[in-house]
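In case you want the letters, here they are:
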Amino acid sequence: MPNKLYKYRAFGVRALRSLTEAEVHYSRPKTFNDPLDCDPTFAVDVGRATLEKLLYRMLLRRLEKKQAADRVGYLRYMSTEYGDFETDKDVEAYLVRMLARDIKDELDDEFSQRGVLSLSATWSSALMWSHYADEHRGICVEYDTTDQEHPNLGPVSYRAPRAVKASDLARWKGSDDAAARDRVLQTYFYAKSSEWKYEKEWRDVRDDNGVKELPFRITAIHFGLRCDHAVISSMVRLLNDQSQIKLYTIRPKEETFKLRRSRLGAEDIAEINATAISEPGWLMFKDVFWEEELENLPETGGEALPEVPDPAP
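Here is what the cut-offs are and how they apply
Residues numbered from 1 in each chain as written. Predicted model: local features only at pLDDT ≥ 70, side-chain atom pairs only at ≥ 80, totals over all residues. Heavy atoms only, no water. Helix = DSSP H or I, 4+ residues; strand = E, 2+ residues; numbered from the N terminus. Contact = heavy atoms within 4.5 Å. Areas by Shrake-Rupley, 256 points an atom, 1.4 Å probe, with all protein chains shown as cover. Phe/Tyr/Trp six-rings, centres within 6.5 Å; stacked < 30°, edge-to-face > 60°. Buried < 20%, exposed > 50% of the residue type's maximum accessible area, 1.4 Å probe, protein only. Lys NZ or Arg CZ within 6 Å of the ring centre and 35° of its normal. Patch = residues over 30% accessible without salt bridge, like charges linked within 9 Å, V, L, I, M, F, W, Y side chains within 5 Å. Salt bridge = Lys/Arg side-chain N within 4 Å of Asp/Glu carboxyl O. Pairing = 2+ DSSP bridges. Lys, Arg positive; Asp, Glu negative; His and termini not counted. Charge placed at Lys NZ, Arg CZ, Asp CG, Glu CD.

Draft legend 1. Region of interest: the overall build of the protein. Secondary structure assignment for the protein yields 11 helices and 12 strands. When contacts within the protein are restricted to residue pairs at least 6 apart in sequence, those whose partners lie at least 24 apart make up 78%. When the accessible surface of the protein is totalled, it reaches about 19,200 Å², and 50% of it is carbon and sulfur.

Quick look at the structure:
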């Protein structure tokens with residue numbers, strides 16, 4: 001496991017709360033930008049009888065025993081429209097497809113409320129800055145993973161198969177096989193297409209989703225190539241007493257398309273803090289403008305002002 005992992009973010013309320021409130025958001029997989037992510041297929045590598053037992057066990061998570069048995073019986077009954085599933089292979093294949101569909105639906109429902117925190121092993125991906133940090137206008141937060149154990153934190157595989165095996169699911173649900181369970185979870189939550197390998201993604205998966213306490217210590221913040229100076233100066237002031245958090249600006253490397261980082265030193269931070277909040281020019285120089293106006297007033301020479309005639313009746 002890398003000692004450091006990174007989160008690219010657009011600058012906004014959620015990014016600020018991740019710093020000031022020490023919180024992160026674990027997302028529901030169905031909200032991901034890749035519709036194939038956390039949506040594996042289901043590979044049937046066991047017989048019909050095993051599938052029936054597997055579906056029955058999975059239904060017990062939300063149904064009574066009789067209701068679960070009735071559902072399996074209903075699928076059997078539906079298949080008899082085309083013949084006898086015990087003697088006709090085509091009818092049995094039809095029943096197997098219905099069982100597999102229901103098993104996959106039950107697995108999706110079981111995992112539907114789990115939350116995923118997506119991180120990266122690199123801060124220097126130009127594509128990641130573009131896709132997840134507001135086209136380089138945002139920030140990238142560095143987390144330290146060494147302070148405590150993270151049993152569900154693992155790398156995404158870009159070469160793993162997409163299909164969950166029925167045999168693994170049956171071993172997990174039937175005999176509580178830990179290795180089989182891990183294979184199911186790995187395929188479901190930690191496998192993606194090779195086209196995403198540039199992300200070098202690591203994931204922390206938990207049983208629920210939403211805003212949760214930050215499980216890592218923040219050790220650095222990177223400001224994107226297009227990050228507004230106002231954002232940088234605001235962040236510097238916000239973290240003024242957090243000297244353990246390093247601050248970096250991102251710059252392009254000379255003669256390449258790669259990125260480098262430059263740490264803000266003590267002098268840079270002192271200069272930003274010294275500027276405080278800028279005032280508008282008219283307010284900063286109002287005394288000068290007022291003096292100039294007074295100097296430009298015409299001298300009256302002590303003469304009385306001309307009388308103004310009364311208005312006509």
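Draft legend 2. Structural view of the packing of aromatic side chains. Applying the stated rule across the entire model yields seven aromatic pairs. Ring centres of Tyr8 and Trp129 lie 5.4 Å apart, and the angle between their planes is 90°; this geometry places the pair in the edge-to-face category. Of this pair, Tyr8 sits in strand S1 (residues 4-9) while Trp129 is found in helix H5 (residues 126-132), placing the two residues 121 residues apart along the sequence. For the pair shown, Tyr8 and Trp129 are each scored as buried. Just above the ring of Trp172 sits the side chain of Lys173; from NZ or CZ to the centre is 4.0 Å. Here the basic side chain of Lys192 rests over the ring of Trp196, its NZ or CZ set 4.4 Å away from the ring centre.

Draft legend 3. Here's a closer look at a nonpolar patch on the surface. On the surface, a cluster of nonpolar side chains totalling about 210 Å² of accessible area is made up of Phe11, Leu16 and Leu238. Along the polypeptide, Phe11 turns up in the loop between S1 and helix H1 (13-20).

Draft legend 4. Inspection of helix H6 (residues 166-175) at higher detail. Inspection of H6 places Ala166, Ser167, Asp168, Leu169, Ala170 and Trp172 among the buried residues, and these make up the whole buried set. Contacts made by the buried residues of H6 are with strand S3 (41-43), helix H2 (48-59), helix H4 (89-111), strand S7 (163-165) and helix H7 (178-189). Once H6 finishes, Asp176 follows within two positions and takes phi at roughly 55°, a positive value.

Draft legend 5. Region of the structure containing the pairing of strand S10 (residues 217-223). Within S10, six of the seven residues are buried, leaving the element largely enclosed by the surrounding structure. The pairing of strand S5 (residues 139-144) with S10 spans six bridges and is antiparallel. Among the inter-strand pairings, Val141 is bridged to a residue of S10, identified as Ile221. With four bridges joining them, S10 and strand S11 (residues 246-252) adopt parallel strand pairing. Bridged to Phe223 within S11 is Thr249.

Draft legend 6. Representation of a negative patch on the surface within the structure. The grouping of Asp84, Glu86, Asp88 and Asp90 at the surface amounts to a negative patch. Position of Asp84 relative to the elements: it lies in the loop between helix H3 (65-79) and H4.

Draft legend 7. Region of interest: the pairing of S1. Taken across its six residues, S1 has five buried, putting it largely inside the fold. Pairing of S1 with S5 involves six bridges; the strand directions are antiparallel. Opposite Lys7, over in S5, you have Val141 as the bridge partner.

Draft legend 8. Structural view of the pattern of salt bridges. Enumeration according to the criterion identifies 32 salt bridges in this entry. A salt bridge links Glu23 to Arg17; the nearest nitrogen and oxygen atoms lie 2.6 Å apart. Note on Arg17: relative accessible area 37%, which makes it partly exposed. Residues Arg71 and Asp102 are paired through a salt bridge, measuring 2.7 Å at the closest nitrogen-oxygen approach. Note that Arg71 is positioned in helix H3 and Asp102 in helix H4, a separation of 31 residues in sequence.

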